[in-house]
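# A look at the structure
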Amino acid sequence: MEQFTGKVWVLGDDIDTDIIIPTEYLALPTVEDMKPYGFSPLRPELAGQIRKGDILVAGKNFGCGSSREQAPEIIKALGIRCVIAKSYARIFFRNSINNGLLLIENSQVQEDVKEGDSIIVKVGESISLNGKDYPIQPLPGNLMEILEAGGLVAAMQKRNGIRRA
Amino acid sequence: MGNTLIEKIIMKNTGLKDVAPGQIVTVRPDRVMIHDIFIPFVAEKFEEMGFTKLDDPDKVVLIYDHLVPASLVEDIRHFKIGDAFAEKYGLTHVHRSDGICHQLMTEQGYAKPGNIVFGTDSHTTTYGCVGCFSTGIGYTEMASILGTGELWVRVPETIKVELEGALPDNVMAKDVILTLLGDLHSDGATYKALEFTGSGVDAMSVSSRMTISNMAVEAGAKCCLFRPDEKTCEYSKVSMEDVAWLKADPDASYERTVHYDAKDIKPVLAAPSRVDNIHKVSELEGTPIDQVFIGSCTNGRLEDLAAAAKIMGGKKVAVRTIVTPASRDIYKAALKAGYLETLSKAGCIITQPGCGLCCGRAGGILADGEKVLATNNRNFLGRMGSSKVEIFLGSPKTAACSAISGRITMP
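From a predicted model like this one, the values you see are computed outputs, not experimental measurements. Just so you know, the residues in each chain are numbered from 1, in the order the chain's sequence is written. Lettering for chains starts from A, numbering for ligands starts from 1, and both go in the order in which the items are written. Given that the model is predicted, a residue must reach a pLDDT of at least 70 before its local features are reported, and side-chain atom pairs must reach 80 or more before they are shown or counted; all residues, however, enter totals for whole chains, interfaces and linings. Think of the side-chain values as coming from all heavy atoms in the structure, minus any hydrogens and water.

Okay, the overall build of chain B next. Numbering goes from the N terminus for both helices and strands, where a helix is a DSSP run of H or I of at least four residues and a strand is a run of E of at least two. Of regular secondary structure, chain B possesses 15 helices and 18 strands. Burial analysis of chain B (411 residues in total) assigns 62% to the buried set. In chain B, 76% of the contacts between residues at least 6 apart in sequence involve partners at least 24 apart. A 1.4 Å probe and the Shrake-Rupley method give the accessible areas. Residues count as covered only by the protein chains that appear here. Counting only carbon and sulfur atoms, one obtains 51% of the accessible surface of chain B, whose full area is about 14,000 Å². Only four residue types enter the tally: Lys and Arg on the positive side, Asp and Glu on the negative side; His and the chain ends are excluded. Note on charges: their place is set at NZ of Lys, CZ of Arg, CG of Asp or CD of Glu. For chain B, the separation between the mean place of its 44 positive charges and that of its 51 negative charges on side chains is 3 Å. When accessible area is computed with a 1.4 Å probe and restricted to protein chains, residues below 20% of their type maximum are described as buried, those above 50% as exposed, and intermediate ones as partly exposed. Note on definitions: a residue-residue contact is assigned when non-hydrogen atoms from the two residues lie within 4.5 Å.

Here it is, written out as structure tokens:
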């Protein structure tokens, strides 16, 4: 079972995709160009503070709003290893899996976590915080296949015979 | 056990004899819609995936609207990439300045009753107004559909929304969907289908139903369906026999039913900065505003412009007022009916059909500390300019009355 530890950033409920990346930056040529503006309407300094391997913890309805796929792409590009939220909006959920960003649904850890804490994630099994374990549900099989392929592009490349399984 | 409307559409598409909520099935969409903001990413992912041809070019509609007309020189890149993709892969359905994608998809007959349609914009739920299962997806999934012609979906649970009776004169479909958002909240229908029924819905025009299905995604809904009736058939140019199968069974199973008496619905606003922060207009009356916006794919149709023109006729607006028809056809019809002249004489700025102001890119964006009363669908932070703009969402009637007084005003 894959396991990793990360430092936590805490956000609230209803973090919409306009907060994750405002429309005015969507026509920048690459996700790397957009990355510095991630979360800028809410916390302009956050994109510069996140380090590779950090974990985002949020409340309900994370990723609500527009279909912009740059939202999960930017979160991944900032180095976030996984998001733990009470719930996700559906387009964001699909986009994240398709880009190989791990999402974990859990409603308890938000009450106990503080920004800067360390969380241990055992994928498909549990989250540990300050010695306490929080069980998590595994994802459906078809979604795990896409995640394990490294995202939908890689899964399609395999289908089209341009990437070895 | 019978089936809901969304289950019927999925069964028809897949050929399955029964489906149940939670089941994962593969569907073959009848159409897909790609808009200008995301076409560069769709094109890139499509080729990166190793595809060399489209599964069916006739199923693909490419619409330029978010960046029309261009406000930054970089925007042109999106049109060039779109044009090149259309040329290379044989797309024939390309709209470069005809209006907002969600208006054009039903207006131009691309999304029909009983169809399954996916689009790269979240407000793709709009086509449920004609009984089409339509929903938004990301550009990577769009690229995979272009190549394979198929997509997996989870059969959603259905929430039934009953609206019975007649709406008061000062209440519009916008007030109905805002009221529902206040009750369901912004995640109350996540992953689920909404199915609207009742005499209040039967009495509505297809345009009014479109306002509701457009904003259903603000409750997280996967789709928002209206059973087609004679009005739908006339609008979508199909026969009643064509849509006879498109109805929920009497013993269909709903997750829950929400009931409204139309006469009890009041003019309401979504106050900053959440779509479910719903207040009666009467509670906020008198709040000074800096700008009014009437238009968008939510409320830029002929009946919306007619309502605004009726209120503004012979009067002058007290604040900057931007009017954006949802499509070129609506623009032309409003011109012919005299609505645009009335609105222009009242001092409104009438823009070309497009998404500019609603998505905060162009055509009337606002500055720190300003307040706007707008008829579009989102009031998120930074949505219409600076992240310190306060956006109130309301109906065209509320917007028009408030434009005249310069304050939030009861219609």
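Further notes follow.
With that settled, the discussion passes to the nonpolar core. A:Phe39, A:Phe62, A:Ile75, A:Ile84, A:Ile119 and B:Leu146 are the most contacted members of the largest nonpolar core, which has 104 residues in total. For the purposes of this section, nonpolar cores are sets of buried Ala, Val, Leu, Ile, Met, Phe, Trp, Tyr and Cys residues that join through side-chain atoms within 4.5 Å. If you look at the next biggest cluster of nonpolar residues, it comprises 42 residues, including B:Val201, B:Ala219, B:Phe293 and B:Leu393.

All right, on to the packing of aromatic side chains then. Any pair of Phe, Tyr and Trp rings, taking the six-membered ring for Trp, is counted once the centres come within 6.5 Å. Such a pair is stacked with planes under 30 degrees apart, edge-to-face with planes over 60 apart, and tilted for the rest. In the structure shown here, the tally under the stated rule is 15 aromatic pairs over all chains. When the centroid spacing of 3.9 Å and the interplanar angle of 10° are considered together, the rings of A:Tyr25 and A:Tyr37 count as stacked. One end of the pair, A:Tyr25, is in the loop between helix H1 (17–20) and helix H2 (31–34); the other, A:Tyr37, is in the loop between H2 and helix H3 (46–49), with twelve residues separating them in the sequence. Residue classification places A:Tyr25 among the buried residues on the basis of a relative accessible area of 19%. Given a relative accessible area of 31%, A:Tyr37 falls into the partly exposed group. Their ring planes at 10° and their centres at 6.4 Å tell us that A:Tyr88 and A:Phe92 sit as a pair that is stacked. Here A:Tyr88 matches A:Phe92 in class, with each residue buried. What links up through ring pairs into an aromatic cluster is the set A:Phe62, A:Tyr88, A:Phe92, A:Phe93 and B:Tyr191. A ring is scored as having a charge over it whenever the NZ atom of a lysine or the CZ atom of an arginine sits within 6 Å of its centre and within 35 degrees of its normal. Lying over the aromatic face of A:Phe4, A:Arg81 brings its terminal NZ or CZ to 4.0 Å of the ring centre. Above the plane of the ring of B:Trp245 lies B:Lys12, whose end atom (NZ or CZ) is 4.7 Å from the centre.

Now for the pairing of strand E1 (residues 24–27) of chain B. Residues and elements named next belong to chain B. Residues Val25 and Val27 of E1 are buried on one face, while the alternating residues Ile24 and Thr26, pointing to the opposite face, are not. Note on pairing: DSSP must find at least two bridges between two strands before they are called paired. Bridge count for E1 against strand E7 (residues 151–154) is four bridges, and the pairing is antiparallel. When the sheet's bridge partners are listed, Thr26 is paired in E7 with Trp152.

Residues and elements named next belong to chain B. One open sheet holds the five strands; their spatial order is E4-E3-E2-E5-E6, and the pairing between them is parallel. With partners counted over all chains shown, the strands left at the sheet margins are strand E4 (93–95) and strand E6 (133–136), one partner each. Pairwise comparison of adjacent strand axes, ignoring direction, gives a mean angle of 15° for this sheet. In this structure, strand E2 (residues 31–35) lies alongside strand E3 (residues 60–63), joined through four bridges in parallel fashion. As a rule, the C-alpha atoms of each element are fitted with a line to give its axis, helices using only the stretch in contact, and angles between N-to-C directions run from 0 to 180 degrees.

Moving on, we come to the pattern of salt bridges. Salt bridges are counted wherever a side-chain nitrogen of Lys or Arg sits within 4 Å of a carboxyl oxygen of Asp or Glu. This structure, assessed with the given rule, holds 29 salt bridges over all chains. Residue A:Glu115 pairs with A:Arg43 through a salt bridge whose shortest N-O separation is 2.8 Å. With a gap of 72 residues between them, A:Glu115 in the loop between helix H6 (109–112) and strand E5 (118–122) and A:Arg43 in the loop between H2 and H3 connect regions that are remote in the sequence. Judged by its relative accessible area of 37%, A:Glu115 is partly exposed. The buried category is assigned to A:Arg43, whose relative accessible area is 17%. Between A:Asp112 and A:Lys132 there is a salt bridge, with the nearest N and O atoms lying 3.2 Å from each other. Linking A:Asp112 in helix H6 with A:Lys132 in strand E7 (residues 132–135), this pair joins segments that are 20 residues apart in sequence. What you see here is one network of salt bridges that share partners, running through A:Asp14, A:Lys60, B:Asp187, B:Arg274 and B:Asp276.

Before going further, it helps to examine unusual backbone geometry. All names here are of chain B. Geometrically, the link from Val68 to Pro69 is a cis peptide bond, its omega value of -15° lying close to zero. Inspection of the secondary structure assignment puts Pro69 in the loop between E3 and helix H3 (75–89). Following Pro272, the chain continues to Ser273 via a peptide bond in cis, the omega torsion being -15°. Tracing the backbone shows Ser273 in the loop between strand E12 (268–270) and strand E13 (278–280).

The partner chain A presents 44 residues to the 42 residues of chain B that form the contact. The contact between chain B and chain A buries some 3,600 Å² in all, and 54% of this surface belongs to carbon and sulfur atoms. Ranking the residues of chain B by area buried against chain A places B:Met49, B:Trp152 and B:Tyr191 at the top, with a combined share of 15%. Along the contact surface separating chain B from chain A lie five salt bridges. A:Lys60 serves as the salt-bridge partner of B:Asp187, at 3.8 Å between the closest nitrogen and oxygen. Two N or O atoms count as a polar contact when they lie within 3.5 Å, although within protein this holds only if one can serve as hydrogen donor and the other as acceptor, and sequence-adjacent residues are included solely when both atoms are side-chain atoms. Counting across the interface, chain B meets chain A through 20 residue pairs in polar contact (both at pLDDT 80 or more). Broken down by element, the side of chain B that touches chain A gets its largest block of residues, five residues, from helix H5 (residues 139–148) of chain B. Under the scheme applied, nonpolar residues are Ala, Val, Leu, Ile, Met, Phe, Trp, Tyr, Cys and Pro; charged residues are Asp, Glu, Lys and Arg; polar residues are all the others, including Gly. Classifying every residue of the side of chain B that touches chain A gives 15 nonpolar, 15 polar and twelve charged. Buried surface area refers to the total accessible area, computed with a probe of radius 1.4 Å, that the two partners give up upon joining, counted for both partners together.

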